[in-house]
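# Summary of structural features
This is what each chain is made of:
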Amino acid sequence: MQPIIRQYEDRDRAGLMKCLEDLQDHEAALDPIKHVVRKDGFGEPYTAWILETVANEDGIIYVVEDNDAVVGFIACGIKHNEKQELLARSNNKPYGHTYELYVADAYRSQGVGAQLMEKVESYFREKGCELASVYAIASNTRAWDFYKKNGYFDRYINLIKKI
């Protein structure tokens, strides 16, 4: 069966939580300074946070479903520039921000991630956004390459040092 992409429904909560836990494990494995970890009990509060954040920011979640299982998702919100940005250097238009994107290993490199990005970018345009943003841990070069391939470019670089 071909996976389908559809809007998140309440029945997807357990699958979304599993994907969030898998994503956290993936990022933890890639973190060279071992700052990212998945603590016991991570899944439930983080799932609640992502659902609340998306709801509060007029966002949306799309899931990838195959054989009645959630095998990927994207969660985004509509953001507004902070006051200091408006004062100094930005226009007043909202922008879309992707909080999390995950596709299970078996579904990667098949265009599923690109389809998810297209869905949220269409949603962002419907909401009047002219920009879309996403963060990736620098050591996740595969994700970085994916975003660049999909038209994203480096704007800010966040540097970190372990002390």
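Our structure's up above, just so we're on the same page.
All of the points below concern the structure found in this document. Fair warning: this is a prediction, and the values are worked out from it, not measured in the lab. (Residues numbered from 1 in each chain as written. Predicted model: local features only at pLDDT ≥ 70, side-chain atom pairs only at ≥ 80, totals over all residues. Heavy atoms only, no water.)

### Re the environment of Arg125
- Tracing the backbone shows Arg125 in helix 4 (residues 112-126).
- The exposed category is assigned to Arg125, whose relative accessible area is 55%. (Helix = DSSP H or I, 4+ residues; strand = E, 2+ residues; numbered from the N terminus. Buried < 20%, exposed > 50% of the residue type's maximum accessible area, 1.4 Å probe, protein only.)

### Re the layout of surface pockets
- Estimated volume of the second largest pocket: approximately 790 Å³.
- Leu101, Asn140, Ala143, Phe146 and Tyr147 are, among the 34 residues lining the second largest pocket, the residues nearest its centre.
- Listed by contribution, the elements that provide at least two residues to the lining of the second largest pocket are helix 1 (13-30), strand 4 (95-103), helix 4 and helix 5 (141-149).
- The greatest single-element share of the lining of the second largest pocket, amounting to 7 residues, is contributed by strand 4.
- When its residues are assigned to classes, the lining of the second largest pocket shows 18 nonpolar, 10 polar and 6 charged. (1 Å grid on protein atoms, 1.4 Å probe; cavity = no way out; pocket = protein on both sides within 12 Å on 5 of 7 lines; lining within 4 Å. Points joined across faces, edges and corners; volume = space filled by probe spheres on them. Nonpolar A, V, L, I, M, F, W, Y, C, P; charged D, E, K, R; others polar.)

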